[in-house]
Amino acid sequence: MAFEKRYNRVSPVRSQTEVEYKLSDKPQTAFPAQLSKYLKERFQLKGKMLDAMCGRGEYSKAMDDLGLEVWCFDMSNQAASLFPKRDERLVLGDLNSDDLPFEDETFDIIFCKSAIEHVNADHMMAEFRRVLKTGGKVLILTGDWFYSYRVWYADHTHGYGVPWMTHSLKLILESYGFDDREVENIIYLPFTWHSGLRGKLSRLFCHLIRICIPYQHSALSKWTGTFWKLIRFSHEVQIVGFGTKK
């Protein structure tokens, strides 16, 4: 017997984009451009890309600056405020229930950062596969429950999604027919992205931080200094999942 999750539309006074991602609390940094450049090179991204649940649009802008043709999708009319092309390329909808308003096989890339944990992932993945071209690439980033369970519900909107780990992300990519799957952990500290010995030593350094310095979950709103960001993101290990549509 199939089990279907149902989500009713809600209308909060302010959207999550307004509350969680306001510039006064989370100002713009160089990080989106750094991560976008790393991912573009790592997974050889090119062509027409959909930034699904794009938030403020920092990654939309960064990817577009790198030469991709970026379109945005989000449920908030406050979304993509940092993307200069928002007026022509932002489409609104709810990935819990709405079909993506694009024709089959429209995009070369689907990029989805910090979003799969908020929605009905089965509906979302089915739509991703539909609008991707044959040979197109899906790239999903989300927090790893194994590392971040202590602060998972600091974001209240995680309450109606599900947490993810590397194995579960592998399984859903396989379930929806994505091949060439690569699912691995990533630390949101650029010095850890190097290959070879340098990369291994930097990731070991972050591992030692996780062992020796507890996560200061009571100070989530105060993670502003370089030292505290080092501790926070050493603990908040993410997952990057990649697959191609064959």
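Because the structure is predicted, anything quoted here is derived from the model rather than measured.

Visitor: So, the sheet that holds strand β1 (residues 48-52): which residues are in play, and what are the values?
Guide: Pairing in this open sheet of seven strands is mixed, and the strands run β3-β2-β1-β4-β5-β7-β6 from one edge to the other. Two strands in the sheet have a free side with no partner beyond their single neighbour: β3 (90-92) and β6 (178-186). Pairs of neighbouring strands in the sheet enclose a mean axial angle of 15 degrees, with direction left out of account. Alignment of strand β2 (residues 69-74) against β3, held across three bridges, turns out to be parallel.

Visitor: Pulling in residues and values, what's your account of the pairing of strand β7 (residues 238-245)?
Guide: For β7, the buried fraction is high: eight of the eight residues fall into the buried class. Burial along β7 is two-sided: Q238, V240, F242 and T244 facing one way and I239, G241, G243 and K245 facing the other are all buried. Across seven bridges, the pairing between strand β5 (residues 132-143) and β7 is antiparallel. Looking at the pairing, L141 lines up with V240 of β7. Summarising the sheet, β6 and β7 pair through seven bridges and their orientation is antiparallel.

Visitor: Break down the environment of C72 for me, with residues and values.
Guide: As for its placement among the helices and strands, C72 is situated in strand β2. Spatially, the C-alpha atoms of C72 and S60 are 7.1 Å apart, while their sequence positions differ by 12 residues. With sequence-adjacent residues up to four places away left out, C72 is seen in contact with L50, D51, C54, S60, A80, F83, R89, L90 and V91.

Visitor: Before we move on, could you go through the pattern of salt bridges and cite the residues and values that matter?
Guide: Tallying each qualifying case throughout the model produces 15 salt bridges. Ionic pairing is found between D64 and K85, a salt bridge with its closest N-O pair at 2.7 Å. Of this pair, D64 sits in helix α3 (residues 58-65) while K85 sits in the loop between β2 and α4 (86-89); the two residues are 21 residues apart in sequence, bridging distant segments of the chain. For D64, a relative accessible area of 12% puts it in the buried group. As a salt-bridge pair, K246 and D180 come within 3.1 Å of each other at their nearest N and O atoms. Of the two residues, K246 sits in the segment after β7 while D180 sits in strand β6, which places them 66 residues apart along the sequence. Through salt bridges with shared partners, one network takes in R42, E182 and E184.

Visitor: An account of the side chain of D74 is needed here, citing residue identities and associated values.
Guide: Along the chain, the position of D74 falls in strand β2. Comment: no salt bridge for buried D74; closest opposite-charge side chain is R86, at 8.7 Å. Setting aside chain neighbours within four positions, we find D74 in contact with M53, C54, G55, A79, L90, V91, L92 and G93.

Visitor: Go over a nonpolar patch on the surface, please, and point to the residues and values.
Guide: Together, L197, L201, L204, L208 and I211 make up a nonpolar patch on the protein surface, roughly 500 Å² of accessible area in all. Looking at the element boundaries, L208 is found in helix α8 (residues 196-212). Given a relative accessible area of 42%, L208 falls into the partly exposed group.

Visitor: Give a description of the packing of α8 against helix α9 (residues 226-235) that names residues and reports values.
Guide: Two measures define how a pair of helices packs: the angle their axes make with one another and the distance between the axes. Where α8 contacts α9, the two axes come as close as 9 Å, and the packing angle between them is 95 degrees. Compared by their axis directions, α8 and α9 come out roughly perpendicular. Contacts between α8 and α9 pair F205, C206, I209 and R210 from the former with L230, I231, S234 and H235 from the latter. Looking at the contact of α8 with α9, its residues break down into five nonpolar, two polar and one charged.

Visitor: Help me get a handle on the packing of helix α2 (residues 31-43) against α3, residues and values and all.
Guide: Between α2 and α3, whose axes approach to 9 Å, the crossing angle comes to 50 degrees. Between α2 and α3, the angle is such that the two are oblique. Once α2 is placed against α3, the crossing between them reads as right-handed. In this structure, α2 contributes F31, P32, A33, L35, S36 and L39 to the contact, and α3 contributes E58, Y59, A62 and M63. Looking at the contact of α2 with α3 residue by residue, the classes come out as eight nonpolar, one polar and one charged.

Rules used in this analysis
Residues numbered from 1 in each chain as written. Predicted model: local features only at pLDDT ≥ 70, side-chain atom pairs only at ≥ 80, totals over all residues. Heavy atoms only, no water. Pairing = 2+ DSSP bridges. Helix = DSSP H or I, 4+ residues; strand = E, 2+ residues; numbered from the N terminus. Axes fitted to C-alpha atoms, helices over the stretch in contact; angles between N-to-C directions. Buried < 20%, exposed > 50% of the residue type's maximum accessible area, 1.4 Å probe, protein only. Contact = heavy atoms within 4.5 Å. Salt bridge = Lys/Arg side-chain N within 4 Å of Asp/Glu carboxyl O. Lys, Arg positive; Asp, Glu negative; His and termini not counted. Patch = residues over 30% accessible without salt bridge, like charges linked within 9 Å, V, L, I, M, F, W, Y side chains within 5 Å. Areas by Shrake-Rupley, 256 points an atom, 1.4 Å probe, with all protein chains shown as cover. Parallel < 35°, antiparallel > 145°, perpendicular 65-115°, else oblique. Nonpolar A, V, L, I, M, F, W, Y, C, P; charged D, E, K, R; others polar. Left-handed = near helix turned anticlockwise from the far one by under 90°.

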